[in-house]
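Chain by chain, the residues:
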Amino acid sequence: MTKPLIDRVALVTGASRGIGAATAEALAAQGAHVILVARTAGGLEEVEERIHNAGGSATIAPLDLTDGESIDRLANAIAGRWKALDVLVLNAAMLGTLAPVAAIDAKEFTQLFTLNVGAQAAMIAAFDPLLKASDRARVIGVSSTVAQNPRAYWGAYGASKAALENLVLAYGQEVANISAIRTAVLNPGATATKMRAKAFPGEDQATLKSPEVVAEALVKLIIEGFETGARVSL
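Residues numbered from 1 in each chain as written. Predicted model: local features only at pLDDT ≥ 70, side-chain atom pairs only at ≥ 80, totals over all residues. Heavy atoms only, no water.

Trainee: When you look at helix H1 (residues 18-29) in this model, what are you seeing that I'm missing?
Mentor: Three- or four-residue spacings in an α-helix give side chains the same orientation, since the helix completes a turn every 3.6 residues. Taking 1.5 Å of rise per residue, the 12 residues of H1 would be expected to cover 16 Å, and the 17 Å separating its terminal C-alpha atoms lies within 8% of that figure. Those residues of H1 that are buried are in contact with strand S1 (9-13), strand S2 (33-38), helix H2 (41-53), strand S3 (57-62), strand S4 (87-90) and helix H8 (211-224). Phi for Gly31, located one or two positions after H1, is positive at around 105°. (Helix = DSSP H or I, 4+ residues; strand = E, 2+ residues; numbered from the N terminus. Expected span 1.5 Å × (residues − 1). Contact = heavy atoms within 4.5 Å.)

Here it is as structure tokens:
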């Protein structure tokens, strides 16, 4: 049986653990060659090994997404090896400190937006030519419930995710009529991740969905297709 993503190239940020790692493995299981991006080389190597052991293929790219020059170098390196990028999953993010809006630390707020928003815009800009070169490009921004439903003490993180959604969906509208690119945002909901554990330290993660469940839904979305502007909540 032919795998639906055979000969496709996918890039996943935040791929060293959690939803990003599970998504990378799920994409590889469907035949895609997956480029794994995160700061932690050791974590990426573990994910790459699991993919290879399962018969898939992957390439690791350890880098700091807040460094715009690193993103440009990565895009140039990928363009030198592949003619197109078929899947871009914008998953990397930081939670920051949960605090009242009036008490948000300005320095941390800047760091939060640099990664959660600025780096995502830089990724879209850097990979725009490769995405346009694909005959079926898909861009998924991994968001959060608080992007659309503000919650006390989550103002900084929620604002960053609302901005991410706006970026991804605006980009989708801009390129819908001139390319095969389609964009969507996915809200995974309560999921057993380290970020979730940091936000809810007393929560029993055994009661939550696993990252693999989110990854399966995300990859299904990519395979089955969607119209630009789709918002999917799990």
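Read on for the rest.
Trainee: Just to check I follow, could you spell out the sheet that holds S1 for this structure?
Mentor: Within a sheet, neighbouring strands are paired by backbone hydrogen bonds and run either parallel or antiparallel to one another. Spatially, S3-S2-S1-S4-S5-S6-S7 is the arrangement adopted by the seven strands of the open sheet, whose pairing is parallel. For this open sheet the edge positions go to S3 and strand S7 (230-233), each flanked by a neighbour on one side alone. The sheet shows a mean angle of 15° between the axes of neighbouring strands, direction not considered. Two strands pair when backbone bridges link them, and strand S5 (residues 138-142) and strand S6 (residues 182-187) are joined in this way by five bridges, in the parallel orientation. (Pairing = 2+ DSSP bridges. Axes fitted to C-alpha atoms, helices over the stretch in contact; angles between N-to-C directions.)

Trainee: I would appreciate a short explanation of the packing of H1 against H2 in the present structure.
Mentor: Geometrically, a packed helix pair is captured by the angle between its two axes and the distance between the axes. Running from amino to carboxyl end, H1 crosses H2 at an angle of 25°, the nearest separation of the two axes being 10 Å. The orientation of H1 relative to H2 falls into the category roughly parallel. Where H1 crosses over H2, the two elements pack in a sense that is right-handed. Every residue of H2 that contacts H1 at Ala21, Ala24, Glu25 and Ala28 is listed here: Val47, Arg50 and Ile51. Residues belonging to the contact of H1 with H2 are distributed by class as follows: five nonpolar, no polar and two charged. (Parallel < 35°, antiparallel > 145°, perpendicular 65-115°, else oblique. Left-handed = near helix turned anticlockwise from the far one by under 90°. Nonpolar A, V, L, I, M, F, W, Y, C, P; charged D, E, K, R; others polar.)

Trainee: Which parts of the structure should I look at to understand the packing of aromatic side chains?
Mentor: Applying the stated criterion across every chain, the model contains three aromatic pairs. For the ring pair Phe109 and Phe113, a centre distance of 4.9 Å and an interplane angle of 45° mean the geometry is tilted. Here Phe113 and Phe109 lie together in helix H4 (residues 106-132), a separation of four residues that amounts to about one turn. Accessibility expressed as a relative area gives 31% for Phe109, which makes it partly exposed. Using a relative accessible area of 24% as the deciding quantity, one classes Phe113 as partly exposed. Its end group placed over the ring of Phe226, Arg138 keeps NZ or CZ at 5.6 Å from the ring centre. Lying across the ring of Trp154, Arg151 places its NZ or CZ 5.0 Å from the centre. (Phe/Tyr/Trp six-rings, centres within 6.5 Å; stacked < 30°, edge-to-face > 60°. Buried < 20%, exposed > 50% of the residue type's maximum accessible area, 1.4 Å probe, protein only. Lys NZ or Arg CZ within 6 Å of the ring centre and 35° of its normal.)

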